[in-house]
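Each chain, letter by letter, is given below.
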Amino acid sequence: MPKSRSKRRLPVTAQRLSVKDGSNGDSSAANTVIAPPIHVAGQEKIILDPSALAGIAREKLGKSSAETRRRINRFHTLIKEQSKLAAKRITAISPESIDQIQKEISEVSEEMARMGGLDWYQKASLLGQCKQRGGDTSRWLVPKLNELGFGKGTTKEPLRLLDVGALSCRNYTKERAWIRVTPIDLNSQEPGIYKQDFLDINPDFEVLKTPTEDKESTAGENSDSDGDNETENIAHLFRQPFDVICLSLVVNFIGDPAKRGDMLKQAKRLLVPSGLLFFVLPLSCVINSRYFNDDRLLAIMQFLGFEQLYAHHTAKLAHYLYRLIATPTSMLNCKSSPQFKKKLLHSAPGRNNFSIVV
Ligand SMILES: C[S@@+](CC[C@H](N)C(=O)[O-])C[C@H]1O[C@@H](n2cnc3c(N)ncnc32)[C@H](O)[C@@H]1O
């Protein structure tokens, strides 16, 4: 049986999040303070970190940023194809069709490997972060946290922030006095990023028993530690829930819509009550999909127990900040049929098939 959230040992952190924005976690109060307008921003500042390009050959990236973008999109398509084929293989019955599916899976994997695999994809994305997206997404999140009342000296302990799909562990260096980052990724690009599948984190926070263990358990956090060691036991990093979770361009990376939904549910499991979820999608997912848009996302998030604090479209991205306001854990463990199935919302031609199923 899942343990109840109310028994978890983090009332202080939880209080901190609700008190600091002046709303005490009351959603109506928060809504009067923070309007969630959606608007398209102008050009953003370009920040290029030269170390981002280390070890990546120009010809692999593409001759121009448009070419890099095209290859990244191809990689996304292959990821989706992989998910579809994996689902097909589960239901296939005849040995011939299993062989055929297996052959197609191998072709997809080979093409991904020829492109340079996940490692290439991450480096290309890092370049995209620098050149096209106005720097890493912490540039958007940090001012929003400031607006909510967080900053240097405003909290007793630094905010615990889980950066999922982290390509750099330096994104919050300037804020290290008040943000303690735990950067994770499926494939660690640099020491300091922990190799960890977000969906595999076990959110059983009650394993933390004594204050001594508590102290030892946080010793490895932040980017000073060597997160590159695959055999390292990093379970201690996840013994407390997080104040903030960043899912920036990670959910769209997953090919399976139900798994995307699982990521949102997992974020909810790993957050303190009143914790914040920073969520970023490519703009095309919400303005050009047959099955998805801002209203659908809002309905899903509200269903999961989040309130939307901010929503903002840039030229290429959709940014959202949510606060967790309800914790019905029974719902998260519910295996019944999805509440938000893939549903046709726009039938105009030329749209993509992005969706999130919860
Ligand atoms: C496009 S990059 C996003 C990078 C960065 N967060 C940003 O905003 O630009 C997507 C990253 O998510 C990582 N990722 C995807 N699924 C993940 C999971 N289940 N757990 C951890 N990382 C994951 C991928 O390995 C990849 O590095």
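Anything mentioned here points back to the structure above.
Bear in mind the structure is a predicted one, so any value in this text is a computation, not a measurement.

Asker: Please clarify how the packing of helix H9 (residues 257–270) against helix H11 (residues 294–304) should be interpreted in this entry.
Answerer: To describe two helices that pack against each other, one gives the angle between their axes and the distance between the axes. Remark: H9 packs on H11, axes separated minimally by 11 Å, with the N-to-C direction vectors making an angle of 40°. In terms of their interaxial angle, H9 and H11 are classed as oblique. The way H9 lies across H11 gives a crossing that is right-handed. Judged by residue contacts, Leu264, Lys265 and Lys268 of H9 engage Ile300, Met301 and Leu304 from H11. For the contact of H9 with H11, a count of residues per class yields four nonpolar, no polar and two charged.

Asker: Looking at this model, I keep getting lost on the pattern of salt bridges. Mind explaining?
Answerer: Charged atoms that come close allow side chains of opposite charge to pair. On inspection of all chains with the given rule, the structure shows seven salt bridges. Note that Arg71 is salt-bridged to Glu67, the shortest N-O span being 3.1 Å. With Arg71 and Glu67 both in helix H4 (residues 65–91) and four residues apart, the pair spans about one turn of that helix. The partner of Lys103 in a salt bridge is Glu107, and the shortest N-O contact between them spans 3.8 Å. In this pair, Lys103 and Glu107 both sit in helix H5 (residues 95–115), four residues apart, roughly one turn of the helix. Among the residues examined, Lys103 registers a relative accessible area of 47% and is labelled partly exposed. Sharing partners across several salt bridges, the network here consists of Glu67, Arg70 and Arg71.

So, how was this worked out
- Residues numbered from 1 in each chain as written.
- Predicted model: local features only at pLDDT ≥ 70, side-chain atom pairs only at ≥ 80, totals over all residues.
- Heavy atoms only, no water.
- Axes fitted to C-alpha atoms, helices over the stretch in contact; angles between N-to-C directions.
- Helix = DSSP H or I, 4+ residues; strand = E, 2+ residues; numbered from the N terminus.
- Parallel < 35°, antiparallel > 145°, perpendicular 65-115°, else oblique.
- Left-handed = near helix turned anticlockwise from the far one by under 90°.
- Contact = heavy atoms within 4.5 Å.
- Nonpolar A, V, L, I, M, F, W, Y, C, P; charged D, E, K, R; others polar.
- Salt bridge = Lys/Arg side-chain N within 4 Å of Asp/Glu carboxyl O.
- Buried < 20%, exposed > 50% of the residue type's maximum accessible area, 1.4 Å probe, protein only.

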